[in-house]
Amino acid sequence: MDMLTGIELGLQTALSWHALMYCLIGVSVGTFVGVLPGIGALAAISLALPLTYYLDPTDALIMLAGIFYGAQYGGSTASILLNLPGTATAAITCLDGYPLAKQGKAPLAIFVTAINSFVGSSFAIILVMGFAPLIAEFALQFGAADYFAVILLGLVAASTMTLGSPFKALAMVVFGLALGMVGTDVNTGQFRFTFGLFELADGFSIVALAMGLFGVAEIIANIGQPAGVMQNVGKIRFRDMLPTRKEWKTIAWPTLRGASIGSFVGALPGTGPGIASLMAYAVEKRISKHPETFGKGALEGISAPEAANNASVQAAFIPTLSLGIPGDAVVAVLMGAMILHGITPGPNLINEQPQMFWGLIMSFWVGNLLLLVLNVPLIGMWVKLLSVPYRLLYPCVLIFICLGVYSANNNVFDIFVVLGFGILGYLMRRAAFPATPVLLGFILGPLLEENFRRAMLLSKGNLMVFFESPISAVFMGLSLLFIASVFLPGVRARLSRRTPKILEDDD
Amino acid sequence: MSKGIRRQFLKRLGAMAMVATASLSAPLAQAADSAFPDKPITIVVPFPPGGSTDLLARKIGESLSTTLGEPVVVENRGGAGGTVGANYVAKSDPDGYTLLMGVTGSNAISAALRDDLPYSPVTDFNPVSIVISSPLALVVNADSDFQSVQDVLDYAKANPDTFTHGTPGVGTSMHMAGELFALDSGTKLVHVPYKGSAAALQDLLGGRIDAMFGDILVTSEYISSGRLRPLGVTGTQEHYLLEGVPTIADAGLPGYAAFSWQGLFAPAGTPDDVLATLYGAIEAALQTEDLQTLFRERGFLVEGMTPAASKDFIAAEVEKWTKVVDAAGLKK
Amino acid sequence: MTRHQISPYLPGAIVVAAGLAIAMVASTYPLGTLLRPGPGFFPMVVAVVLSVLGLGVLGETWAARATSSASQAKPDETAQGPFPWRSVLCTCVAVLVFALTVERFGFVPASCLLIAITAFAETERSWIKLGFVALFIAVFGSAVFIWGLGLPIQAFGAS
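Computed from a predicted structure; not experimentally measured.

> Summarise the overall build of chain C; cite the residues concerned and give the values.
Regarding its fold elements, chain C presents six helices and zero strands. Each helix (α) and strand (β) of chain C, taken in turn from the N terminus, gives the series α-α-α-α-α-α. Looking at the 159 residues of chain C, the share that counts as buried comes to 31%. Intrachain contacts of chain C at a sequence separation of at least 6 include 59% that bridge at least 24 residues.

> I'd like a rundown of the overall build of chain B, residues and numbers included.
On a plain count of helices and strands, chain B comes out with 11 helices and 10 strands. Counting over 332 residues, chain B shows a buried share of 55%. Long-range pairs, those at least 24 residues apart, make up 76% of the contacts in chain B between residues at least 6 apart in sequence.

> Break down the nonpolar core for me, citing the residues and quoting the values.
Residues and elements named next belong to chain A. Grouped together as the largest cluster of nonpolar side chains are 332 residues, with contacts concentrated most on Ile 45, Leu 64 and Leu 334. Top contributing element to this core by residue count: helix H6 (residues 106-140), with 19 residues. Once residues lying within four places of it in the same chain are set aside, the contact partners of Leu 64 are Gly 26, Ile 45, Ala 48, Leu 49, Thr 52, Leu 334 and Ala 337.

> So what's going on with helix H4 (residues 57-82) of chain A? Which residues, and what values?
All names here are of chain A. Helix length check: H4, at 26 residues, gives a terminal C-alpha distance of 37 Å against a target of 38 Å (1.5 Å per residue), a fit within 8%. The largest bend in H4 amounts to roughly 30° and is located at Gln 72. Counting buried residues along H4, 25 of its 26 residues qualify, which places the element largely inside the surrounding structure. Just past H4, the residue Asn 83 takes up positive phi, approximately 60°.

> If you had to explain the UniProt feature "transmembrane region" (unreviewed entry) in chain C to someone new, which residues and values would you point to?
All names here are of chain C. UniProt marks residues 9-29, 41-63, 83-100, 106-123 and 130-150 with the feature "transmembrane region" (unreviewed entry), using the numbering shown here. The span residues 9-29 shows a helical share of 81% and a strand share of 0%, and its end C-alpha atoms are spaced 31 Å apart. For residues 41-63, the helix share is 100%, the strand share is 0%, and the end-to-end C-alpha distance is 33 Å.

> Run through the interface of chain A and chain C, naming residues and quoting values.
Across the contact, 48 residues belong to chain A and 48 residues belong to chain C. Put simply, the parts of the chain that give the side of chain A that touches chain C at least two residues each are helix H8 (166-180), helix H9 (206-222), helix H18 (390-409), helix H19 (413-430) and helix H20 (436-458) of chain A. Among the elements that take part in the side of chain A that touches chain C, H18(A) stands out by supplying 11 residues, more than any other. Classifying every residue of the side of chain A that touches chain C gives 33 nonpolar, eight polar and seven charged.

> How would you sum up the interface of chain A and chain B? Please name residues and give values.
Tallying the contact residues gives 38 residues for chain A and 41 residues for chain B. Of all the secondary structure elements, the ones that give two or more residues to the side of chain A that touches chain B are helix H15 (329-340) and H20 of chain A. It is H15(A) that contributes the most residues to the side of chain A that touches chain B, five residues altogether.

Calculation notes
- Residues numbered from 1 in each chain as written.
- Chains lettered and ligands numbered in written order.
- Predicted model: local features only at pLDDT ≥ 70, side-chain atom pairs only at ≥ 80, totals over all residues.
- Helix = DSSP H or I, 4+ residues; strand = E, 2+ residues; numbered from the N terminus.
- Buried ≥ 20, exposed ≤ 12 C-beta atoms within 10 Å, placed from the backbone.
- Contact = placed C-beta atoms within 7 Å.
- Core = buried A, V, L, I, M, F, W, Y, C linked by C-beta atoms within 7 Å.
- Expected span 1.5 Å × (residues − 1).
- Bend = angle between axes of the 7 residues up to and from the residue.
- UniProt positions renumbered as here; feature names shortened; annotations may be inferred.
- Nonpolar A, V, L, I, M, F, W, Y, C, P; charged D, E, K, R; others polar.

In structure tokens form, the structure reads like this:
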């Protein structure tokens, strides 16, 4: 089937009144749970899934997918306003989003994330439409050694992205790696660092970790402080949200770069939006002429990762729909939903279920448009939240966090975990240890170890395997380049600083 | 955690009380129990929603609730390959109101694999019924040189520690099927564990691992599209989704059989008549059009074992996998 | 040495200690080799690197104090004010109480307890306003989490 017929068929499906309705329900629920701290897309989809057992499969998928990408829109709101990221992606948006909110630019920041989410998604949807099978075949070429090289690049990027002491940032990345080791060793099934606690067999939940290190730590830091209100928010005019011409220019390229990086990472099964936004952020910071503004409210610092994470979410459908291999945990649940409806995703899906494939893709457009229409007017309302006094807002946030982490496995244990990380996060904050690298180490570490060991297992212990595969070799090279680009400017700067000194000495 | 201890204590107390009532006034206890069920029943699914266990539990729950006249609620308590949810039910009150949708991993293999399992699949549960079973398919990449089970056997015998098979993780039924294959054939295979079957499938499609013992339904999609080649099924007879594919037993490894299965379990100490009531409802459920369609589509084989037969089956399964785990030196 | 002189080194020391602790636990798992790593290999590498980075943090602190002691005697920690024992304690107790009561007594009582306990962290509190917060949580929270998302807890009573 050619693309035009596909688009036509897809539009017919996606624009039917029931598909529109379920799409609207999906994106609204997604935005809503995305804003609520602690309840991510995964929890929301898992919980909504049983409700769809009796829907038409295409409608069910349209709705569930809507929750998925809708949550990405909503997720940035809580991060920007309250420094409450529920996912690794949102934690990166926090880096510059929260400083922007503190400067009173919350409406602008949220508007930019909404627009960029839309651009990022659209970019990836076009890729899905035109090249899904092609990209999927390419992704199939990635073996353990190649994954290791990509993750290594992510780790190198993660190590260089925060402000302040490099030792502290590096120590926190490594600390994150350590936290990621808790749980069952994939290769042997051995329990590591579980200390006899059966609840730790699957490791710490990423939601509990992020909510603790950021959310609970933020609450401890602010509770009991005399400052009652964060900001006196006046009337929010549409004008406050719109970027100036100069700001549009600032975000244009980072957005496109973010979208490309996101699409690439998203199309690789098993990586996910967290890695996509991290890489996008790191790249922007590396090539920016003003890297020192990152972490203090740089617009590029929210636009690139936001575009990347939304692109990756849409691109994650590429391997799922064309090969039946889910791109990340959330898409895996969506795939479960398809199987429940008697549709087994595999290489035949596009040909056997064209109505569903194209209907779903066209619903992505519809859904993203709906999200834009839905979210921009809501900005004013979200920002108003800031005028609620702390001491009334925080108990509510604390309850949401507790229930959010509880909902993942219906287990009280996770509430204890979130509290533990909250206290730890607060102590780290007092000692000026950044929290974001912990989260990045935590997501990257297990992937790094797993793929290294698998590469060794499959190659019978040949280290050269990382340089023999062209894909792996390219990424290893990129990692080296990245490291060089970090150290070389420093060396150059030190040299140039020293030169005048020497001259002074000569005087 | 104190809740667990309290529950355990209550369970013991309950068991003592039951012995007491049984010896003193057996007819009276019968009368009281015949009211079962008089409140909603919870089926714990030890996995997140969306999997086949979840679906089975929900469909069966629906049918149970029409038969028994009380609502049946499905609760997902995932974690550690199903053992967190199984542990939760093992420590629940044995009154028939908290049940487990248990699987091969949570209710047999884990006992063989782990010393530190906080419950015993054999003594902590009274099975209601092993509801369904499903064999696996030994598949290779369509471009691979292996054309038959015999090819694999010959190659593995000639090249120990070379033939790689991917699994969704240590202690899964796919892993055990592979270890049993090695044990029965006296070969040494390389086990390549992944996090979930999708990742293993990706490497199989990419030609980086030799084979996989995979879910019949999932692999059948790749078989029909010509990307994977089935060499054999692990069951005792041909499977209707893979017609013409021999059993591994027939294709060169006599006596070989491995299944994954799912069943409904009650905590140990649940009264016999409650089990009987529940089993009756399961029998009725298996007759419904809805479930029969589901089983056909998913490639499940209907078992519907009685509580007594299920108990013997579990004991046999634990013994079988203990032997395999010990032979492979996997005990944790 | 006074407390003032030791406390700036505490974070670095804790990182080193954490690294050593991880190494100790990791040594109980099979190490394997670089080419055939066992479950203990990666943890051991991580532990060693963490300890080394902890030493780096210590060195950095030492260097920073050496340069700043001349110009500015005050260690940076006092700038943040005293440790807020009250906030930390109240948050801990509130969350613990919530976790222990939500399955036993229900969502609404547990939330009310949490709201009441966190209130003690504040210097002043208005019980009337907090009452409204509790009411909001009771209605909104029950609607979203129990009815909407179907969590296996009750608004009132044990689950």
